Amino acid sequence: MPAQTVMGLGFATPYLDRAADEVRRTFVFMMARHGVYHWPEDAPSSTALVDEYDLPLLESTVDFALVIHGLELADNPTEMLREVWRVLSPQGRLLLVVPNRRGMWARFDTTPFGYGQPYSRPQLHTLLRETQFSPIGWSQALFMPPFERSLVLKSAPAWERLGLLVSPAFSGVIIVEAVKQVYAISGGRRVRKMVPKLNPALGVFPVPRPVSRSGEPL
């Protein structure tokens, strides 16, 4: 992502640590329920606590948006994505990581993905299309069980490989990349406008005849 402006929304800092040195500008907006903290640790802070429905940016100023632990916690996910669409540049990219409704991680309150609204792939597809985004790539991750046992953690790579082969629909999270649609085409029916004819038919109304001052016809 060279020479781009990257925005993180939600808890995106762990995913942006490596990218921070490769892009022109990186900043992270954190939602009120998350709180805010200093990032990066060894530089002036690039984080801010914001209203996710009113981002403090002008239109078309972001090239890439990464939303982690954001969409599932939004009270109005449609308005949140519309605000992300507003600040993205034409053909800007959006990467969403959300808990999978069918996965195990959304069923445990002890996991970060156990809170908020989980999604299925069809639900995400519909939401993105309604907010003028075109999905261009789908992926799955987090197939290992949501346990902190050392044996489970050591075998995480094997769980990921096996999950992708055997049960990709039951991943812990769904990852989708989408591009901003600048021109949206309505899928509704075309409405034909009926224009009334204003010229009356001959013979319907009497044609006025000129009269003299005395009232007699000329």
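Note: the structure precedes this text.
Bear in mind that the values here come from a model prediction, so they are computed numbers and not experimental data.

> Is there a simple way to explain the overall build of the protein chain in this structure?
A tally of helices and strands in the protein chain yields five helices and seven strands. N-terminal to C-terminal, the α/β element order of the protein chain is β-α-β-β-β-α-β-α-β-α-α-β. The 218 residues of the protein chain split such that 38% are buried. Of the contacts made within the protein chain by residues no fewer than 6 positions apart, 62% connect residues no fewer than 24 positions apart.

> Got a minute to help me understand a nonpolar patch on the surface in this structure?
On the surface, a cluster of nonpolar side chains totalling about 350 Å² of accessible area is made up of Leu-162, Leu-165 and Val-166. Relative to the elements of secondary structure, Leu-162 occurs in helix H5 (residues 156-166).

> Could you clarify how one ought to interpret the packing of aromatic side chains in this entry?
What characterises a pair of aromatic rings is the spacing of the ring centres plus the angle enclosed by the ring planes. For the coordinates displayed, the defined rule picks out two aromatic pairs. Summarising the aromatic geometry, the rings of Phe-27 and Phe-29 are spaced 5.2 Å apart at their centres and angled 50 degrees between planes, so their arrangement reads as tilted. Judged by its relative accessible area of 8%, Phe-27 is buried. Given the relative accessible area of 7%, Phe-29 is considered buried. Its guanidinium or amino end placed over the ring of Trp-85, Lys-180 lies 4.1 Å from that ring's centre, counting from NZ or CZ.

> What should I look at first to understand the pairing of strand S7 (residues 173-180) in this one?
The side chains of a regular strand alternate, residue by residue, between the two faces of the sheet. Most of S7 sits inside the fold, with six of its eight residues counted as buried. Pairing geometry for strand S5 (residues 88-99) and S7, over seven bridges, is antiparallel. Along S7, the bridge assignment pairs Leu-94 with Ala-178. In this structure, strand S6 (residues 133-141) lies alongside S7, joined through eight bridges in antiparallel fashion. The partner of Ala-141 across the bridge, within S7, is Val-173.

> What am I meant to see in the sheet that holds strand S3 (residues 47-49) here?
An order of S3-S2-S1-S4-S5-S7-S6 is seen for the seven strands of this open sheet, with the pairing classed as mixed. Here the strands that pair on one side only, and so sit at the sheet edges, are S3 and S6. Within this sheet the neighbouring strands show an average axis-to-axis angle of 20 degrees, counted without direction. Its contacts with the sheet place helix H2 (residues 77-87) against strand S1 (5-10), strand S4 (62-68), S5, S6 and S7, and it is angled at close to 145 degrees to S5. Set on the sheet, helix H3 (residues 121-130) makes contact with S5, S6 and S7; between it and S6 the angle comes to about 155 degrees.

> How should I be thinking about the packing of H2 against H3 in this particular structure?
How two helices sit against one another is set out by the angle between their axes and by the gap between those axes. Running from N to C, H2 and H3 cross one another at 50 degrees; their axes reach a closest spacing of 9 Å. Relative to H3, the element H2 is oriented oblique. As for how H2 packs across H3, the hand of that crossing is right-handed. Within the contact between the two elements, H2 uses Pro-77, Thr-78, Leu-81 and Arg-82 and H3 uses Leu-127, Leu-128 and Glu-130. A per-class count over the contact of H2 with H3 returns four nonpolar, one polar and two charged.

> Can you walk me through the nonpolar core in this structure?
Across soluble globular proteins, nonpolar side chains have a tendency to be buried as a group. Residues Met-7 and Leu-94 are the most contacted members of the largest nonpolar core, which totals 30 residues. Elements with a contribution of two residues or more to this core: S1, strand S2 (25-30), S4, H2, S5, H3 and S7. Dropping the residues within four chain positions of it, Met-7 is found in contact with Phe-27, Phe-29, Leu-55, Leu-57, Val-62, Phe-64, Ala-65, Leu-66, Val-84 and Val-87. Among the nonpolar cores identified, the runner-up in size contains 16 residues, and Val-28, Phe-64, Val-97 and Ala-156 belong to it.

> How should I be thinking about the environment of His-38 in this particular structure?
Structurally, the position occupied by His-38 is in the loop between S2 and S3. Judged by relative accessible area, His-38 falls into the partly exposed class, the value being 42%. The contact partners of His-38, leaving out residues within four places of it in the chain, are Ala-43, Pro-44, Ser-45 and Thr-47. Polar side-chain contacts of His-38 include one of 3.0 Å to the backbone oxygen of Pro-40. From its side chain, His-38 meets the backbone oxygen of Ala-43 in a polar contact 2.7 Å long.

Definitions and limits used
- Residues numbered from 1 in each chain as written.
- Predicted model: local features only at pLDDT ≥ 70, side-chain atom pairs only at ≥ 80, totals over all residues.
- Heavy atoms only, no water.
- Helix = DSSP H or I, 4+ residues; strand = E, 2+ residues; numbered from the N terminus.
- Buried < 20%, exposed > 50% of the residue type's maximum accessible area, 1.4 Å probe, protein only.
- Contact = heavy atoms within 4.5 Å.
- Patch = residues over 30% accessible without salt bridge, like charges linked within 9 Å, V, L, I, M, F, W, Y side chains within 5 Å.
- Areas by Shrake-Rupley, 256 points an atom, 1.4 Å probe, with all protein chains shown as cover.
- Salt bridge = Lys/Arg side-chain N within 4 Å of Asp/Glu carboxyl O.
- Phe/Tyr/Trp six-rings, centres within 6.5 Å; stacked < 30°, edge-to-face > 60°.
- Lys NZ or Arg CZ within 6 Å of the ring centre and 35° of its normal.
- Pairing = 2+ DSSP bridges.
- Axes fitted to C-alpha atoms, helices over the stretch in contact; angles between N-to-C directions.
- Parallel < 35°, antiparallel > 145°, perpendicular 65-115°, else oblique.
- Left-handed = near helix turned anticlockwise from the far one by under 90°.
- Nonpolar A, V, L, I, M, F, W, Y, C, P; charged D, E, K, R; others polar.
- Core = buried A, V, L, I, M, F, W, Y, C linked by side-chain atoms within 4.5 Å.
- Polar contact = N/O pair within 3.5 Å; in protein donor to acceptor, adjacent residues only side chain to side chain.

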